[in-house]
2 protein chains.
Amino acid sequence: MAIRTATEQDQEPIWALLEPMIRRGESYALPRNMSRVQALEFWSAPGHEIFVFEESGVILGTYFLRANQGGGGSHVANCGYVTAEAAQGRGIARAMCLHSLERAKERAFRAMYFNFVVSTNERAVKLWLSLGFEIVGRLPGAFQHPGNGFVDALVMHKRLRE
Amino acid sequence: MAIRTATEQDQEPIWALLEPMIRRGESYALPRNMSRVQALEFWSAPGHEIFVFEESGVILGTYFLRANQGGGGSHVANCGYVTAEAAQGRGIARAMCLHSLERAKERAFRAMYFNFVVSTNERAVKLWLSLGFEIVGRLPGAFQHPGNGFVDALVMHKRLRE
């Protein structure tokens, strides 16, 4: 089991992770009909550092790390994580988040922000809270969930140094 | 005096508004050394509707309107406004914001969000509050202000229909 930098060869397994997440439309504010090309462009946008979680040669998760904003906001990191549906509940998201926090510290980011955590994504909210993130914003009705209608999105924050 | 859709001919006056704002680095999280091309690409990104505030043939302000997120977040509008330094305090930002709220309602957006209002930009914060925006998030130390160091950024929200 290892978390490593993604390579060109990982595009297919990364798309295999992204596609069901995008089609469900429950956790990321992305068009549910996004194509493979659009999705990979989004995930691997300029300035994104991409990692994969690999176990016995199988990619079970991926995340990106980037500066959350430019200019005066570039000391803050932001990440997005996706875990294979079949591998959920096994601590892969937690392992990726811990890895990303270390990587963000290495890169001298002062904090990490999640801008838009869908409040009904309870597993994620609970996980981020358990890793020391705090809820610093609640955006009323900011996300239209396919099953639950308009639900809040959360802004979460963790300081990386004093 | 009129607020109208920007045309190709407005690129030069729009850059004349953006450049001092970007070089000061006090209100938008953009690289302070951004080039003209980069700045106009940012302002006129795909999906942005661009307006200008014109008085006696002179462009004194500009704003963009866009969906704040894709997919499940596309019912929420987002705007950015810039007023000419020499014309500040004359109600131009207020007029543009009121215009954008009407335009957002026309386009059936359910709410407007500002994701990253620099807290030391007191004139803007006061203006948005006076127009019915509420502070729904405070991002500690999220902006490095050239004069004031690390300051908070605010997330502000206004509902456009019940």
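Only a predicted model underlies this, so the values are computations on that prediction, with no experimental measurement involved.

## Brief notes about the side chain of Asn68 of chain A
Residues and elements named next belong to chain A.
Right, so step 1: With respect to the helices and strands, the residue Asn68 is situated in the loop between β3 (58–67) and β4 (76–83).
Right, so step 2: In terms of polar contacts, Asn68 uses its side chain to reach the side chain of Asn115, at 2.7 Å.
Right, so step 3: Setting aside residues up to four positions removed in sequence, Asn68 forms contacts with Val76, Ala77, Asn78, Tyr113 and Asn115.

## Remarks on helix α4 (residues 122–130) of chain B
All names here are of chain B.
Right, so step 1: Within the sequence span of α4, burial applies to Ala124, Val125, Leu127 and Trp128. The arc that holds the buried residues of α4, viewed along the axis, is 165°, so those residues lie on one side. Residues of α4 that are exposed and angled more than 90 degrees away from the buried face: Glu122, Arg123 and Lys126.
Right, so step 2: Looking at the buried positions of α4, the neighbouring elements they touch are β4 (76–83), α3 (92–106), β5 (111–118) and β7 (149–159).
Right, so step 3: In the stretch just after α4, Gly132 is the one whose phi turns positive, near 95°.

## Focus: helix α2 (residues 36–43) of chain B
Residues and elements named next belong to chain B.
Right, so step 1: Taken residue by residue, α2 has Ala39, Leu40 and Trp43 as its buried positions. Buried positions in α2, seen along its axis, are confined to an arc of 95° and lie on one side of it. In α2, the exposed residues that point more than 90 degrees away from the buried face are Val37 and Glu41.
Right, so step 2: In this structure, the buried side of α2 is in contact with α1 (11–24), β2 (49–55), β3 (58–67) and β4.

## With respect to the interface of chain A and chain B
Right, so step 1: Across the contact, 26 residues belong to chain A and 26 residues belong to chain B.
Right, so step 2: Contact between chain A and chain B buries roughly 1900 Å² in total, counting both sides, with carbon and sulfur atoms accounting for 61%.
Right, so step 3: Scanning the region where chain A abuts chain B turns up zero salt bridges.
Right, so step 4: Viewed at the interface, chain B and chain A are joined by 10 residue pairs in polar contact (both at pLDDT 80 or more).
Right, so step 5: Every element with two or more residues in the side of chain A that touches chain B is listed here: β5 (111–118), β6 (134–145) and β7 (149–159) of chain A.
Right, so step 6: Among the residues forming the side of chain A that touches chain B, the class breakdown is 13 nonpolar, 10 polar and three charged.

## Let's talk about the relation of the copies chain A and chain B
Right, so step 1: When chain A is fitted onto chain B, the two copies agree to an RMSD of 0.0 Å after a turn of 180° and an axial shift of 0.0 Å. Viewed as a symmetry operation, the transformation between the two copies matches a two-fold axis. Of the C-alpha atoms belonging to chain A, the one lying closest to the rotation axis is found on Gly137 of chain A, 1.8 Å away.
Right, so step 2: In this assembly, 100% of the residues forming the interface of chain A have copies in chain B that are likewise at the interface, indicating an isologous arrangement.

## Concerning the packing of aromatic side chains
Right, so step 1: Taken as a whole and assessed by the stated rule, the structure comprises 24 aromatic pairs over all chains.
Right, so step 2: Seen in terms of ring centroids, Phe114 of chain B and Phe133 of chain B are 4.5 Å apart; in terms of plane orientation they differ by 20°. Their pairing is stacked. Taken together, the positions of Phe114 of chain B in strand β5 and Phe133 of chain B in the loop between α4 and β6 (134–145) put the pair 19 residues apart, joining distant regions of the chain.
Right, so step 3: Taking the relative accessible area as the measure of exposure, Phe114 of chain B reaches 4% and is therefore buried.
Right, so step 4: Taken together, the aromatic side chains of Phe51, Tyr63, Tyr81, Phe114, Trp128 and Phe133 of chain A make up a single cluster linked through ring pairs.
Right, so step 5: Over the ring of Phe150 of chain B we find Arg110 of chain A, and its NZ or CZ is 4.0 Å from the ring centre.

Parameters at a glance
Residues numbered from 1 in each chain as written. Chains lettered and ligands numbered in written order. Predicted model: local features only at pLDDT ≥ 70, side-chain atom pairs only at ≥ 80, totals over all residues. Heavy atoms only, no water. Helix = DSSP H or I, 4+ residues; strand = E, 2+ residues; numbered from the N terminus. Polar contact = N/O pair within 3.5 Å; in protein donor to acceptor, adjacent residues only side chain to side chain. Contact = heavy atoms within 4.5 Å. Buried < 20%, exposed > 50% of the residue type's maximum accessible area, 1.4 Å probe, protein only. Arc of directions from axis to C-beta. Buried area = accessible area lost by both parts, 1.4 Å probe. Salt bridge = Lys/Arg side-chain N within 4 Å of Asp/Glu carboxyl O. Nonpolar A, V, L, I, M, F, W, Y, C, P; charged D, E, K, R; others polar. Least-squares fit on C-alpha atoms with pLDDT ≥ 70 in both. Phe/Tyr/Trp six-rings, centres within 6.5 Å; stacked < 30°, edge-to-face > 60°. Lys NZ or Arg CZ within 6 Å of the ring centre and 35° of its normal.

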